[in-house]
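# Per-entry structural report
The lines below spell out each chain.
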Amino acid sequence: MRRADRLFQIIQVLRRGRRPVTADAMAAELETSKRTIYRDIADLMAQRVPIRGEAGVGYVLDGGFDLPPLMLTPDEIEAAVLGAQWVAGRGDPALARAALDLIAKIGAAVPERLRPFALEPATRAAPRWNVAPDGLDMAQVRHAIRAGHKIALSYRDEQDRLSERTVWPFAVGYHETVRLMIAWCELRTDFRSFRTDRVTAAEFLEDRYPERPAVLRARWRKLMNEKMAEMRPREAAADQAKVSPR
């Protein structure tokens, strides 16, 4: 890797990290020595890149620093286009249009030599099939999440039982054939996932819910991580039982 490319990649590693990143971790990712990382960090700091930290603890990139727009590598362009293709095939109409617009903008903004990676990519998302239709407007759902507004739902569960819910939406999960709206349910006083194709009616309320969407997402992720941690020992024990001699 050229030194200029390595300096750029160090900034990218720091930009995506939410916690201090050690020189060991950067050296492993960039396939170079820790000594080289220390030297590159020092050079970046000398160029007034706002990096804070120290050897043995890790480094962070202060907010407010940015690079010129769309300084993308071929792999980054293909990753962005592949993700946009997937969204174009499985997102709601507004999100699908935005994904196609994104591909066009990338193709128009990158240098000529990189344009084929956006407009004639070697990778492609598989076409969608048998996608369940949404029972509510997903563009409005995303707006409600950004605004922190409640939604009143009529929802039919997998046993075909109908219930009325008022929920605090904070995330949408996209799967191959269905979409999930993740929300705090006032009826159950707990987090719930609602398949959007099972929603029979929805009213988008002006009422704001008391928590910030980002706080709800953080609480939900923590709960999911705890549940996964509890499941791993049981799954490992089950796997061991399958292979143990009888």
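I will try to describe carefully the structure that is included in this document.

Cut-offs used in this document
- Residues numbered from 1 in each chain as written.
- Predicted model: local features only at pLDDT ≥ 70, side-chain atom pairs only at ≥ 80, totals over all residues.
- Heavy atoms only, no water.
- Helix = DSSP H or I, 4+ residues; strand = E, 2+ residues; numbered from the N terminus.
- Phe/Tyr/Trp six-rings, centres within 6.5 Å; stacked < 30°, edge-to-face > 60°.
- Lys NZ or Arg CZ within 6 Å of the ring centre and 35° of its normal.
- Buried < 20%, exposed > 50% of the residue type's maximum accessible area, 1.4 Å probe, protein only.
- Salt bridge = Lys/Arg side-chain N within 4 Å of Asp/Glu carboxyl O.
- Pairing = 2+ DSSP bridges.
- Axes fitted to C-alpha atoms, helices over the stretch in contact; angles between N-to-C directions.
- Core = buried A, V, L, I, M, F, W, Y, C linked by side-chain atoms within 4.5 Å.
- Contact = heavy atoms within 4.5 Å.

### Thoughts on unusual backbone geometry
Its identity is not glycine, yet R48 carries a phi of approximately 70 degrees, on the positive side. Mapping R48 onto the fold places it in the loop between α3 (34–46) and β1 (51–54). The backbone of D160 sits at a positive phi, close to 70 degrees, despite the residue not being glycine. Assignment of secondary structure puts D160 in the loop between β3 (149–156) and β4 (162–174).

### Quick look at the packing of aromatic side chains
Aromatic rings considered in pairs are described by the distance between their centres and by the relative angle of their planes. Tallied over the entire structure, the rule returns 6 aromatic pairs. Among the aromatic residues, those joined into a ring-pair cluster are W168, F170, W184, F191, Y209 and W220. Its guanidinium or amino end placed over the ring of W184, R219 lies 5.4 Å from that ring's centre, counting from NZ or CZ.

### Description of the environment of A94
If you trace the backbone, A94 turns up in helix α5 (residues 93–109). Look at A94 and you get partly exposed, because its relative accessible area is 26%. In this structure, the C-alpha to C-alpha distance between A94 and D137, residues 43 residues apart in sequence, is 9.8 Å.

### What to know about the pattern of salt bridges
Counting across every chain of the model gives 16 salt bridges. For R3, the salt bridge goes to D40, with nearest N and O atoms at 4.0 Å. Here D40 lies in helix α3 and R3 lies in helix α1 (residues 3–16), a separation of 37 residues in the sequence. In this structure, the salt-bridge partner of K34 is D24, at a minimum N-O distance of 3.6 Å. Placement of K34 in helix α3 and of D24 in helix α2 (residues 23–30) is noted, with a sequence separation of 10 residues between them. Residue classification places K34 among the partly exposed positions, given a relative accessible area of 35%. Through salt bridges with shared partners, a single network forms among R3, R6, D40 and D43.

### Details of the sheet that holds strand β7 (residues 199–208)
Within the open sheet, the 5 strands sit side by side as β6-β5-β4-β3-β7. Their pairing is antiparallel. Whereas interior strands pair on both sides, the edge strands pair on one side only; in this sheet they are β6 (190–195) and β7. Direction aside, neighbouring strands of the sheet carry axes that sit 40 degrees apart on average. The sheet contact formed by β3 and β7 spans 6 bridges and is antiparallel. Bridge pairing links L153 to A202 in β7.

### Section: the nonpolar core
Ranked by size, the top nonpolar core spans 17 residues in total, and within it I10, L14, M26, I37, I41, L44 and I51 carry the most contacts. Within the residue set of this core, elements represented by two or more residues are α1, α2, α3 and β2 (58–61). It is α1 that provides the largest number of residues to this core, a total of 5 residues. Among residues more than four places away in sequence, those in contact with I51 are L14, I41, L44, M45, Y59, V60 and L61. Among the nonpolar cores identified, the runner-up in size contains 14 residues, and L136, Y155, M181 and V199 belong to it.

### Let's talk about the pairing of β1
Of the pairings in the sheet, the one linking β1 to β2 comprises 4 bridges and is antiparallel in character. Looking at β2, one finds that E54 is bridged to G58. The antiparallel hairpin formed by β1 and β2 contains 3 residues in its connecting segment, where G56 sits at a positive phi of about 85 degrees.

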